[in-house]
Each structure stands twice: as C-alpha cells, then as structure tokens.
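Spelled out, the chains give:
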Amino acid sequence: MQKLVDYLLSVDKSWLVTWILIYIGFLMADAVTPGAWYVTLLKYSGIFLCLVYGIQKYRKDISLELALLFTLLADTILVIDSTSIIGVFVFCLAQFFHLARFRNIPPATLAPYILVVIVIFFFGVQNGIIPMFTIAFIYGMTLILNLILAQKWHRQAPSAQSLCAAAGFSLFLCCDICVACSYLSLIGTLPPFIYPIANYFSWFFYYPSQVLISNSSKQLISASC
C-alpha cells in the first residue's frame, strides 16, 4: 500500500489535487444531497478526466484508451437510465479492452467477443433468465477475469502500474458488488434501506478504481508527461 501511495504522490500535482478534490467533493455532497444534478455532474466529470489523463499519459496504449472511452460511454448511458441493459453491455466492451491489453489481444478481436456476448445473452433470455441478470453475469465474469490477470501481472512483474491495476480492479469489484446490492434492493429482492447505502458506496469504490486503472498501462509513459 505504501508503494501505491508513493507512486500517486509522484504524479503531476495538478492531477493529484484534481482527483482528491473531485473525490472529496462528491462524497460530501452525495452524503448531504444524494442524487442531485451537481453531484452527478461532478462524478461524471471525474470519469471524463480519467480518459483525458489516460490519453495524455499513455498515448500509445490504444487498448487502455478504448477501455476508458467505453467506460465513459457506459456511464453516460447509465446517467440517463441507471438500469439500462445497454449501459451494462457497453461496460462489457470496456472490460474487453482491459482484457485485450492484459493478454495482448488485438483490439480487432472485439467482433468475436461481441458475438459470444450476444449468443450467451440470447441463450439466457431463451431459458427464462432475467435479461439484466444475464448481461450482468457476462460483465461480472469478464471483470473477475481482469482482476485475476491484474493480480497475476503484479505478482510476476511488480511495478507501480501493475499495482495500480491490481488495486484498481479490486476496488472495481467492490463497486460492482455495491451496484448489485443497489439493483437487488431496487427490484425488491433486498430490503429498501440498502439502496441509498449501496449507491453511496458504489462511487466510494468506483472513482478511485478508475483513477488507479488510468495509471495501469503496460506501455511506457509519454515523454511529454
């Protein structure tokens, strides 16, 4: 953990201050006025800036940039409709590009991945599984695979970037556990009181996960950064 802190402290101070201010800002605002438009805007701005940071710092890492871009697109959809199946599908695409960079898979293999997702999705629907549960299962399996690969990378080649990947995907999983609890509470499977708590803690984990992941490229840092 100390190595992670030391690395983050070595990042350009303007970015570090920006991350901290956004994080503290929406955590405090969300505790007072949950769901307010300016809280959502602050959260969304933070994810947008993760994409900007990733592009600026790792200009040659196309897979990371595409993963961050699809993450932003998914969040854009879910800002409009928090229970959108399409939004979760776009998150699947984001996870694919993380998988591509961990396994050195050409981004062009996205088409076969989409085909597999579609086949599994329709198989689940045809067998009476709730569509959201089916797409969430696909997303969850890809996320867990990326977490395993990130941890394996850090064990085999310890570095600031591999540590950011391992920590980032660990927080990402914590976030999605909260998201799952929130959704189950919304549809009545879990008690209603869980809903606001799970929503709050989902972003407690999600934003730092994206900051760390945006620092987890396997490529060399751009010389101008």
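To start, this report covers the structure provided alongside it. Not measured: the values here are computed from a predicted model.

Some thoughts on the overall build of the chain
(1) Moving on: Helix and strand content of the chain: 9 helices and 0 strands.
(2) Moving on: For the chain, the N- to C-terminal ordering of α and β elements is α-α-α-α-α-α-α-α-α.
(3) Moving on: Taken against the 2.2 N^0.38 rule, which gives 17 Å for 225 residues, the C-alpha radius of gyration of the chain at 17 Å falls within 12% of a compact globule.
(4) Moving on: Across its three principal axes, the chain shows a C-alpha extent of roughly 50 × 45 × 30 Å.
(5) Moving on: Within the chain, contacts between residues at least 6 apart in sequence are counted, and of these 67% link residues at least 24 apart.

Comments concerning the pattern of salt bridges
(1) Moving on: A full pass over the atoms with the stated rule returns 1 salt bridge.
(2) Moving on: A salt bridge links Asp 30 to Lys 43; the shortest N-O distance between them is 2.9 Å. One end of the pair, Asp 30, is in helix H2 (residues 13–32); the other, Lys 43, is in helix H3 (residues 37–57), and 13 residues separate them in sequence.
(3) Moving on: Looking at Lys 43, the relative accessible area reads 11%, which means it is buried.

A closer look at the layout of surface pockets
(1) Moving on: Space inside the largest pocket adds up to approximately 1,300 Å³.
(2) Moving on: Mapped onto the lining of the largest pocket, the elements with two or more residues apiece are H3, helix H4 (62–80), helix H5 (85–103), helix H7 (131–156), helix H8 (160–186) and helix H9 (194–213).
(3) Moving on: It is H8 that provides the largest number of residues to the lining of the largest pocket, a total of 11 residues.
(4) Moving on: For the lining of the largest pocket, a count of residues per class yields 28 nonpolar, 9 polar and 4 charged.
(5) Moving on: Empty space within the second largest pocket amounts to approximately 320 Å³.
(6) Moving on: Forming the boundary of the second largest pocket are 14 residues, of which Leu 8, Ile 20, Tyr 23, Pro 208 and Val 211 lie nearest the centre.
(7) Moving on: Elements with a contribution of two residues or more to the lining of the second largest pocket: helix H1 (2–10), H2 and H9.

Here we look at the nonpolar core
(1) Moving on: Counting 62 residues, the largest nonpolar core has Trp 19, Tyr 113, Ile 135, Phe 169, Phe 172 and Tyr 207 as the members making the most contacts within it.
(2) Moving on: When residues in this core are grouped by element, the largest group, 11 residues, is from H5.
(3) Moving on: For Trp 19, the contacting residues outside a window of four places in its chain are Leu 8, Val 11, Tyr 53, Tyr 207, Val 211 and Asn 215.

Here's the deal with unusual backbone geometry
(1) Moving on: The backbone of Asn 104 sits at a positive phi, close to 55°, despite the residue not being glycine.
(2) Moving on: Mapped onto the fold, Asn 104 is located in the loop between H5 and helix H6 (110–126).
(3) Moving on: Judged by relative accessible area, Asn 104 falls into the exposed class, the value being 65%.

Cut-offs applied
- Residues numbered from 1 in each chain as written.
- Predicted model: local features only at pLDDT ≥ 70, side-chain atom pairs only at ≥ 80, totals over all residues.
- Heavy atoms only, no water.
- Helix = DSSP H or I, 4+ residues; strand = E, 2+ residues; numbered from the N terminus.
- Rg over C-alpha atoms; globule rule 2.2 N^0.38 Å.
- Contact = heavy atoms within 4.5 Å.
- Salt bridge = Lys/Arg side-chain N within 4 Å of Asp/Glu carboxyl O.
- Buried < 20%, exposed > 50% of the residue type's maximum accessible area, 1.4 Å probe, protein only.
- 1 Å grid on protein atoms, 1.4 Å probe; cavity = no way out; pocket = protein on both sides within 12 Å on 5 of 7 lines; lining within 4 Å.
- Points joined across faces, edges and corners; volume = space filled by probe spheres on them.
- Nonpolar A, V, L, I, M, F, W, Y, C, P; charged D, E, K, R; others polar.
- Core = buried A, V, L, I, M, F, W, Y, C linked by side-chain atoms within 4.5 Å.

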